[in-house]
Amino acid sequence: MSILVIAEHDNSALNANTLNTLNAAAKIGGDITLLVAGSDAQSVVDEAAAIASVSKVLSANDAALADGLAENIAWLVNGIAANYTHVLAPASNFGKNFLPRVAAMQDVMQVSDIVDVVSADTFVRPIYAGNALVTVKSSDSVKLITVRSTAFDAVEATGGSAAVEELAFGEAFEGVSFVSRDVTVSERPDLATAPIVVSGGRGVGSKEDFAIIEKLAEKMNAAVGASRAAVDAGYAPNDFQVGQTGKVVAPDIYFAIGISGAIQHQAGMRESKVIVAINKDEEAPIFQIATYGIVADLFDVVPELTEQLS
Amino acid sequence: MKVLVAVKRVVDYNVRIRVKSDGSGVDTDNVVMSMNPFDENGLEEALRMKQAGIATEIVAVTVGTEQSQDTLRSALAMGADRAILIKADEAPEPLGIAKLLSKVVEQEEPGLVILGKQAIDDDSNQTGQMLAALLNWPQGTFASKAEFEGDSVNLTRETDAGLETIKINLPAVITTDLRLNEPRLPKLPDIMKAKKKPIDMVEAASFGVDLAPRLEVVSVSAPEARKPGVIVANAAELIDKLKNEAGVL
Ligand SMILES: Cc1cc2nc3c(=O)[nH]c(=O)nc-3n(C[C@@H](O)[C@H](O)[C@H](O)COP(=O)(O)OP(=O)(O)OC[C@H]3O[C@@H](n4cnc5c(N)ncnc54)[C@H](O)[C@@H]3O)c2cc1C
Ligand SMILES: Cc1cc2nc3c(=O)[nH]c(=O)nc-3n(C[C@H](O)[C@H](O)[C@H](O)COP(=O)(O)OP(=O)(O)OC[C@H]3O[C@@H](n4cnc5c(N)ncnc54)[C@H](O)[C@@H]3O)c2cc1C
């Protein structure tokens, strides 16, 4: 088996989800090649080559690859996909954007968002917002797969010294260009990987009051998350959204504060080790999956909690 | 410009689905079905384009059984001009759907195709990207804002780090995020009028594309249930539990 993994990065550092994706590749078993497609991303190439489980790094360096445009990355990956038995990418916005494009060019049916590897051709993936798990067997000659990073531990980031090979990029796709990026700057750790996540919902009531969620998070050095209702109402930016259509997280502790626990929200956090729910409605569905619940007004409990945590 | 909107009939988002006891699939008998929420956003966007004089005709298309006519009727009630039902008994995979849609694009020659970013039943998040690749068109996925400027679109996309704006030339494929717009609710007269609007029916087999599934469903199971939790009285008790019982703090 020979497996190609597509690295996610911002041209300066590797995204942690690449290490989780590499673990899924290791579970399939075989020789692993890591592709770094970017622009002036030498530091990422160096990081990639240092990963113990990677046997070869392919480095494609072109201005057209700087901003993760799906058309260009898909073109690049399509050119080499047939050399491998499997092509894997993280099931992040990056991976979801370009890999189905490659799949169509290869005439392959992608397996999306896998949470387990049963064998080299059989994988488990959630459907219906995680309310069912389907085991599927692929008959395609090249298997294209996106990997849910919370379902696989990260591989060691060091200990290796893989050979680096250059991969030439052709011509940029006409008709698409990158304009701008509006990245949420936060002092808090990354939502996708933080060991503790504190999320606020519609119950928090306003953007101003969302500060009490942030204060609690700060006290525990936790990441901040939000329900869709909180994002829609403008309490928090879109990349804070946890759920079926937002991020999937699985921290050691997940605080759901003023969140009712709709199935679409649960889809993004139900694999957390410990779930804490704070809600004034004892009937709220979130209590059905909470490890610990407090039935009370969040404006009483959250400041108390922040105060008492040392 | 003609706009083609792909709509899918799915189990309503309020339904808590049940996995069949024999592990063969999900029980969809007698459950409420509705239009995939993201597709409502797609249709709404097309309707706004028409109001703004950018779109001239809106065609809704679905792949499914006769029952998917319901979804097309909803689309017509929202304001689509006409609808196409591609009849398929076995629900094709996203690759098959994308192939069928690419044939419809060849026939209809729209300037834009709008799809949902994902269908809430299978959560594949593939069809739009696959269609764009088959057509060799640019794609604007996970869109939360679309501004049309001549024959291009400035498209704001929701990413894992925030927002990103790209510019794509038409013809193109767009997939919607829920924050793109607020879909309208059809009014009773529109629902009545929709009954008279035309639905073309074509057999999927007539397109001559390979729809054979590539993925075999081995089994479907329910996720492991979480252990029931406890209600604690206050912040102090919670901190104690997190430290001494769960050992996570
Ligand atoms: C338990 C289970 C068993 C299955 N078994 C099989 C099987 O044996 N064989 C098989 O071929 N498939 C099977 N499927 C898949 C099939 O039912 C899905 O409809 C198909 O995979 C589409 O995926 P998706 O809706 O997640 O696509 P997505 O890519 O998530 O959909 C995105 C968008 O594409 C458009 N779209 C998607 N489907 C349609 C449609 N039908 N009509 C119009 N527009 C559409 C919509 O705009 C939608 O918002 C199975 C699925 C499940 C859950
Ligand atoms: C296709 C689709 C996709 C979706 N994707 C997502 C997703 O990815 N993520 C997501 O989160 N949602 C998603 N949703 C929306 C989801 O269905 C719910 O609407 C949403 O999660 C509700 O957010 P909420 O719990 O914050 O608000 P509500 O359901 O309104 O709950 C607010 C809660 O706060 C409590 N409360 C109010 N005041 C206080 C107080 N002072 N003290 C304590 N408790 C208080 C209330 O009792 C209530 O339980 C999706 C929906 C659809 C249709």
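Everything numeric in this text was worked out from a predicted model, so none of it was measured. (Residues numbered from 1 in each chain as written. Chains lettered and ligands numbered in written order. Predicted model: local features only at pLDDT ≥ 70, side-chain atom pairs only at ≥ 80, totals over all residues. Heavy atoms only, no water.)

Overview of the domain arrangement of chain A
Residues and elements named next belong to chain A.
- Domain annotation for chain A reports domain 1 (2-166) and domain 2 (196-308).
- When each unit is reduced to the centre of its C-alpha atoms, the spacing between domain 1 and domain 2 is 31 Å.
- Of the residues lining the interface, four residues belong to domain 1; the matching set on domain 2 comes to six residues.
- Of the roughly 520 Å² buried where domain 1 meets domain 2, counting both sides, 55% is carbon and sulfur surface.
- Broken down residue by residue, the surface that domain 1 buries against domain 2 is led by A129, R148 and T150, which jointly contribute 75%.
- Between the two partners, domain 1 and domain 2, sit zero salt bridges.
- There are zero residue pairs in polar contact (both at pLDDT 80 or more) connecting domain 1 and domain 2.
- Partitioned by chemical class, the residues of the side of domain 1 that touches domain 2 number one nonpolar, two polar and one charged. (Domains from an automatic or database assignment. Contact = heavy atoms within 4.5 Å. Buried area = accessible area lost by both parts, 1.4 Å probe. Salt bridge = Lys/Arg side-chain N within 4 Å of Asp/Glu carboxyl O. Polar contact = N/O pair within 3.5 Å; in protein donor to acceptor, adjacent residues only side chain to side chain. Nonpolar A, V, L, I, M, F, W, Y, C, P; charged D, E, K, R; others polar.)

Section: the pattern of salt bridges
- Going through the model one piece at a time under the given rule, you end up with 26 salt bridges over all chains.
- One salt bridge in this structure joins R179 of chain B and D232 of chain A, with 2.8 Å as the shortest N-O distance. Remark: D232 of chain A occurs in helix α6 (residues 228-232) and R179 of chain B occurs in the loop between β10 (172-176) and α5 (188-194); the pair is interchain, linking two chains.
- Salt bridges sharing partners connect three or more residues here, namely D107 and D140 of chain A together with K99, D210 and R214 of chain B. (Helix = DSSP H or I, 4+ residues; strand = E, 2+ residues; numbered from the N terminus.)

Points about the site of ligand 2
- R202, S227, S260, H265 and N279 of chain A are the nearest of the 30 residues found near ligand 2.
- Close to ligand 2, residues of chains A and B are found.
- Contact between ligand 2 and G258 of chain A: an oxygen atom at 3.0 Å from a main-chain N or O atom of the residue.
- In this structure, N279 of chain A approaches ligand 2 through a side-chain N or O atom, which is 2.8 Å from an oxygen atom. (Near = heavy atom within 4 Å.)

Concerning the nonpolar core
- Core analysis: the biggest nonpolar cluster contains 99 residues, and L35 and F98 of chain A have the highest contact counts within it.
- Broken down by element, the residue count for this core peaks at seven residues, all from helix α3 (residues 94-108) of chain B.
- With residues near it in sequence (within four places) discarded, F98 of chain A still touches I6, A70, I73, A74, V77 and A89 of chain A. (Core = buried A, V, L, I, M, F, W, Y, C linked by side-chain atoms within 4.5 Å. Buried < 20%, exposed > 50% of the residue type's maximum accessible area, 1.4 Å probe, protein only.)

Things to note about the pairing of strand β6 (residues 116-119) of chain A
Residue and element names in this part refer to chain A.
- With three bridges joining them, β6 and strand β7 (residues 122-127) adopt antiparallel strand pairing. When the bridges of β7 are listed, V117 appears paired with F123.
- In textbook terms, the turn of a hairpin is the stretch between consecutive antiparallel strands, and for β6 and β7 this stretch comprises two residues. (Pairing = 2+ DSSP bridges.)

Observations concerning the sheet that holds strand β10 (residues 163-166) of chain A
Residue and element names in this part refer to chain A.
- Read from one edge to the other, the open sheet built from seven strands follows the order β5-β9-β4-β1-β2-β3-β10, with strand pairing classed as parallel. Single-partner strands in this sheet number two, and they are β5 (111-114) and β10. Across the sheet, the mean angle from the axis of one strand to that of its neighbour is 25 degrees, orientation sign disregarded.
- Here helix α1 (residues 17-28) sits on the sheet and contacts β1 (2-6), β2 (31-38), β4 (86-90) and β9 (143-147); the angle it forms with β4, its principal contact strand, is near 150 degrees. (Axes fitted to C-alpha atoms, helices over the stretch in contact; angles between N-to-C directions.)

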